[in-house]
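# Structural overview
Residue-level listing of the chains:
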Amino acid sequence: MGIKKTLVRQILVRLAFLVLPLLAIYLLMEFTYNPHALCTANEHRHTMGPVGYIILAAAVVVIWFLAIIFEQIWRYFKKDRKISFFVVLLFALTVVCFFCFFL
């Protein structure tokens, strides 16, 4: 039963390291972005502000993937293969989900 608790805890920690920065970026965009900042009188101009936030979110996801890969290499050499197998499986499922989402 101990390995199951450890596995669930590790999965939640890894997902928190992904979800919390993405939530922070979303809240930053929600509260600071004004699409009508450049509008003057009858001229209606929009800015491309969300593109920068999307690029920032993509950078967070790429850094998260690289951290997971680095951790798996580190765990492989540390010989902690029981937990490592399940984390690799979670990583593979996450990659497939992101790939399907962006198709």
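Our structure is the block above this text.
Residues numbered from 1 in each chain as written. Predicted model: local features only at pLDDT ≥ 70, side-chain atom pairs only at ≥ 80, totals over all residues. Heavy atoms only, no water.

## Considerations on the overall build of the protein chain
Short version of the rule: Only DSSP runs of H or I with at least four residues qualify as helices, and only runs of E with at least two residues qualify as strands; both kinds are numbered from the N terminus onward. Residue contacts are defined here by distance: any two heavy atoms, one from each residue, within 4.5 Å place the two residues in contact. Using a 1.4 Å probe, accessible areas were evaluated by the Shrake-Rupley method; residue-level cover was limited to the displayed protein chains.
Secondary structure assignment for the protein chain yields 3 helices and 0 strands. Secondary structure elements of the protein chain, listed N to C terminal, follow the sequence α-α-α. The long-range fraction of contacts in the protein chain, counting pairs at least 24 apart against all pairs at least 6 apart in sequence, stands at 59%. Within the structure as shown, the protein chain displays about 8,000 Å² of accessible surface, and the carbon and sulfur contribution to it stands at 77%.

## Let's talk about the packing of aromatic side chains
Here is the rule we go by: For this analysis, a ring pair means two rings from Phe, Tyr or Trp (six-membered ring only for Trp) whose centres lie within 6.5 Å, classed as stacked if their planes differ by under 30 degrees, edge-to-face if by over 60, and tilted for the remaining angles. For the exposure calls, accessible area comes from a 1.4 Å probe over protein chains only, and a residue counts as buried if that area is under 20% of its type's maximum, exposed if over 50%, partly exposed in between.
Going through the model one piece at a time under the given rule, you end up with 1 aromatic pair. Summarising the aromatic geometry, the rings of Trp64 and Phe65 are spaced 5.3 Å apart at their centres and angled 50° between planes, so their arrangement reads as tilted. Comparing Trp64 with Phe65, the two get one shared label, buried.

## Thoughts on the environment of Phe17
Position of Phe17 relative to the elements: it lies in helix H1 (residues 2–32). In the structure, Phe17 is positioned 43 residues away from Val60 in sequence and 9.6 Å away in space, judged by C-alpha atoms.

## Topic: the environment of Arg14
Within the element layout of this structure, Arg14 appears in helix H1. Given the relative accessible area of 8%, Arg14 is considered buried.

## Points about the nonpolar core
Put simply, the rule reads: Here the nonpolar core consists of buried residues drawn from Ala, Val, Leu, Ile, Met, Phe, Trp, Tyr and Cys, with membership extended through side-chain atoms lying within 4.5 Å.
Grouped together as the largest cluster of nonpolar side chains are 6 residues: Leu18, Val61, Trp64, Phe65, Ile68 and Phe91. With 4 residues, the single largest contributor to this core is helix H2 (residues 49–78). Apart from the residues lying within four places of it in its own chain, the contact partners of Val61 are Leu18, Leu22 and Phe98.

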